[in-house]
Amino acid sequence: IMPFLKTRHLQTTASGRKAPPLAFVFDIDGVLIRGAQVLPEAKKALNILAGENPFRTKIPFLLLTNGGGVSEEARCKSLSAKLGVEVLLSTSQYIQSHTILKKHARRFADEPILVLGGELDTVRRVAEGYGFKRVYTTLDVLAWNPSTWPFHQLTEAEKESTKAADFSKLPISAVFVFHDPRNWALDVQILSDILQSGGIIGGPWVPVEKQQKLVELTFCNPDLLWGSDFPRPRIGQGGFKEAFQAVFKAITGKQYPYVQYGKPTKATYDFTKEVLEQRFNEEYGSSSKPSSLYMIGDNPESDIAGANAAQWNSVLVKTGVYNPEQGPPAHAPTHTANDVLEAVQWAVEREY
Ligand code: G3P
Ligand code: MG
């Protein structure tokens, strides 16, 4: 028998459309996929949101990951293929660690910036796609002067990825760590050069407190650990930050001031809520907002901590970083579920 359709739970928006009372934000690694593997429950969970639910309507959702390193378009295309669901492109349904940097592109449009992370110069192209016009990589620096880091010879592929520049005359204004650096040693060295000399590589080292204008340093993903398809968590961009700051402090006596984006930072959760409400408006007409937001994640330190601080409902799943055998999570979720399908079913029943 058709379950009695309690339409009272549907919000009638100004446009007369029936909106469900909830929306979801999904973490990716450890919730929907593990490395290259799609978790079997992921597709079933997304089908519930596509309409197979008692509300008989689509339930809006976003993907929010501390991952990145490629353009939003490229990642959405590969995720849609993997998940077998049309995840609409870029910011309409997908936010990755560095998407928020689009807000800074105008301010640094004509300034030389250094970007870290990702393969070869993929992140340069992502930054240019955001509107940054003078984007450099640490491989460009090594190509300019091999003695900046004598322990690595550029491979052919790395050489082809570089852009010519004379860094003795090119003051770097800001450094954005988009994704996980591949050559930590090279990146720590170049970052240390830039931040000690106010932007000119090879310039005189000036104590940070005596520098006129500090080079801005921004990290996009604080994850110390994350869930890949290896049975134990992997070290994330947060590990690179710890390594860099430890070396910088050993040299200068102090850590370098920086901006942090990514889950669980408030900036990233505020940005996500903005995007989700914009999406809800597109779907159901303006001024409607989901009365309940559910974040489903595998990492207590990022997904659950951020959702709790943003006063969303948080559901912790056991398919990623969180391992119940190691005791209770550092941040208590609203609910714990075995996997993403159980998490979605629990939230939908709770709101119905
Ligand atoms: O670098 C990827 C990792 O830090 C976490 O990704 O999707 O679990 O936020 P996610
Ligand atoms: Mg995760």
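Here the structure is shown first, and the text comes after it.
Criteria and cut-off values
Along each chain, residues carry numbers from 1 onward, in the same order as the chain's sequence is written. Here the convention is simple: chains get letters from A, ligands get numbers from 1, in the order in which they are written. Per-residue local features are limited, in this predicted model, to residues with pLDDT of at least 70; the limit for side-chain atom pairs, both in listing and counting, is 80 or more; totals at the level of whole chains, interfaces and linings are taken over all residues. With hydrogens and water stripped out, all remaining heavy atoms of the structure feed into the side-chain values. Strands here mean DSSP runs of E at least two residues long; helices mean DSSP runs of H or I at least four residues long; both are numbered from the N terminus. Every radius of gyration here is taken over C-alpha atoms, with the globule rule written as 2.2 Å times N^0.38, N being the number of residues. Between buried and exposed lies partly exposed: a residue is buried under 20% and exposed over 50% of the maximum accessible area for its type, with that area taken using a 1.4 Å probe on protein chains only. We call two residues in contact when some of their heavy atoms are within 4.5 Å. What sets the accessible areas is the Shrake-Rupley method with a 1.4 Å probe; for residues, cover comes only from the shown protein chains. By the counting rule applied here, Lys and Arg register as positive and Asp and Glu as negative, while His and the ends of each chain are not counted. Positions of charges follow a simple convention, taking NZ of Lys, CZ of Arg, CG of Asp or CD of Glu. A 2.8 Å cut-off from the metal defines N, O and S donors, relaxed to 3.2 Å for Na, K and Ca; water is not in the atom list, so some sites may appear incomplete. Paired strands, in this sense, are two strands between which DSSP finds at least two bridges. Whenever a helix is involved, its axis is fitted only over the stretch in contact; in every case the axis is a line through C-alpha atoms, and angles between N-to-C directions fall within 0 to 180 degrees.

Chemist: Would you mind going over the overall build of the chain with me for this structure?
Modeler: A count of helical and extended segments in the chain gives ten helices and 17 strands. For 352 residues, the compact-globule estimate of 2.2 N^0.38 gives 20 Å, and the C-alpha radius of gyration of the chain, at 22 Å, lies within 12% of that figure. For the chain, the spread of C-alpha atoms along the three principal axes comes to 75 × 45 × 40 Å. Counting every position in the chain, which comprises 352 residues, the buried fraction comes to 54%. Considering only contacts in the chain between residues 6 or more positions apart, those separated by 24 or more positions represent 67%. Just so you have it, the chain exposes about 15,800 Å², and 54% of that area is on carbon and sulfur atoms. Positive and negative side-chain charges of the chain, numbering 38 and 38 respectively, have mean locations separated by a distance of 5 Å.

Chemist: What is the right way to look at the coordination of the magnesium ion (ligand 2) in this model?
Modeler: The textbook angles at a metal center are 109.5 degrees for a tetrahedron of four donors and 90 or 180 degrees for an octahedron of six. Distances from the magnesium ion (ligand 2) to its protein donors, namely Asp27 (OD), Asp29 (O) and Asp298 (OD), fall within the range 2.0 to 2.1 Å. What makes Asp29 buried here is its relative accessible area of 17%.

Chemist: Sorry, what's going on with the sheet that holds strand β15 (residues 292–297) here?
Modeler: Strand pairing within a sheet occurs via backbone hydrogen bonds; the two strands may be parallel or antiparallel. Across the sheet, which stays open at both edges, the six strands sit in the order β7-β6-β3-β15-β16-β17 with parallel pairing between neighbours. The open sheet is flanked by β7 (94–95) and β17 (335–337), the only strands paired with a single partner. In the sheet, strand β3 (residues 22–26) pairs with β15 via five bridges, with the strands oriented parallel. Paired with Val25 across the two strands is Met295, which belongs to β15. Docked against the sheet, helix α8 (residues 266–284) engages β3, β6 (61–64), β7 and β15, running at close to 150 degrees with respect to β6.

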